[in-house]
Amino acid sequence: MSTLRKRRVFVGSSTEGLPRARAICGALTDERTEPVLWTQEFPPGYVTIEGLERVLSDCSGAVFVATPDDETTIHGRVVKMPRANVMLEFGLLAGRLGRHNIAICRYAETE
């Protein structure tokens, strides 16, 4: 019987991107990888930074879902952007875990 510990990979998204995040979790699940969906780490009533600290100590990689959730104007052009918290979490985990252990899946017309 193997005692190998599974690699834990955080999967982050906005609420609107949650169906895609769940699909990514399904694709990542195997005998060596355990995806950790953001809803597991950010339960209601907890401070977000506490959840992020747990992710940083428990996970060795991350995948973020960038969906066109919010509109903003850049150089006079209206564009669709991912939620700011998704990008903040992406930057935090990329800085701590290393950019080679982080991926971002950009959907549709997301800037």
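Please refer to the structure placed before this passage.
Values in this document were obtained by computation on a predicted structure and should not be read as measured data.

1. Here's the deal with the overall build of the protein
Counting its secondary structure elements, the protein contains four helices and six strands. Along the protein, from the amino end to the carboxyl end, the secondary structure elements read β-α-β-α-α-β-β-β-α-β. Evaluated residue by residue, the protein yields a buried proportion of 37% over its 111 residues. Once local pairs closer than 6 in sequence are excluded, the contacts in the protein between residues at least 24 apart make up 69%. For the protein, the accessible surface area stands at approximately 7,000 Å², while carbon and sulfur atoms represent 54% of it. Charged side chains of the protein number 14 positive and 14 negative; the gap between the two group centres comes to 5 Å.

2. Details of helix H3 (residues 48-58)
Looking only at H3, the buried set comprises Gly-51, Leu-52, Val-55 and Leu-56. In an axial view of H3, the angular spread of the buried residues amounts to 140 degrees, which keeps them on one side of the axis. Of the surrounding elements, those touching the buried residues of H3 are strand E1 (7-12), helix H2 (38-41) and helix H4 (84-97).

3. Some details on the sheet that holds E1
The strand order across the open sheet formed by four strands is E2-E1-E3-E6, and the pairing between neighbours is parallel. Strands with a single pairing partner mark the edges of an open sheet, and in this sheet they are strand E2 (33-37) and strand E6 (102-106). Going from strand to strand, the sheet's axes swing by 20 degrees on average, the running direction of each strand aside. On the sheet, helix H1 (residues 18-28) packs against E1, E2, strand E3 (61-66) and E6 and is oriented at approximately 165 degrees with respect to E2.

4. Some words on unusual backbone geometry
Its identity as a non-glycine residue notwithstanding, His-75 has a phi of 50 degrees, on the positive side. Within the element layout of this structure, His-75 appears in the loop between strand E4 (70-74) and strand E5 (77-81). Residue classification places His-75 among the exposed residues on the basis of a relative accessible area of 83%. Positive phi, normally seen in glycine, also occurs at Ala-108, with a value near 50 degrees. Given a relative accessible area of 61%, Ala-108 falls into the exposed group.

5. Things to note about the nonpolar core
Within the largest apolar cluster, 24 residues are counted, with the highest numbers of intra-cluster contacts made by Phe-10, Leu-37, Phe-64, Leu-93 and Ile-102. Looking at this core, the elements with two or more residues in it are E1, H1, E2, H3, E3 and H4. In this structure, Phe-10 is in contact with Val-36, Trp-38, Glu-41, Phe-42, Val-55, Cys-59, Gly-61, Ala-62, Val-63, Phe-64, Glu-89 and Leu-93, ignoring residues within four places of it in sequence.

The rules behind the values
- Residues numbered from 1 in each chain as written.
- Predicted model: local features only at pLDDT ≥ 70, side-chain atom pairs only at ≥ 80, totals over all residues.
- Heavy atoms only, no water.
- Helix = DSSP H or I, 4+ residues; strand = E, 2+ residues; numbered from the N terminus.
- Buried < 20%, exposed > 50% of the residue type's maximum accessible area, 1.4 Å probe, protein only.
- Contact = heavy atoms within 4.5 Å.
- Areas by Shrake-Rupley, 256 points an atom, 1.4 Å probe, with all protein chains shown as cover.
- Lys, Arg positive; Asp, Glu negative; His and termini not counted.
- Charge placed at Lys NZ, Arg CZ, Asp CG, Glu CD.
- Arc of directions from axis to C-beta.
- Pairing = 2+ DSSP bridges.
- Axes fitted to C-alpha atoms, helices over the stretch in contact; angles between N-to-C directions.
- Core = buried A, V, L, I, M, F, W, Y, C linked by side-chain atoms within 4.5 Å.

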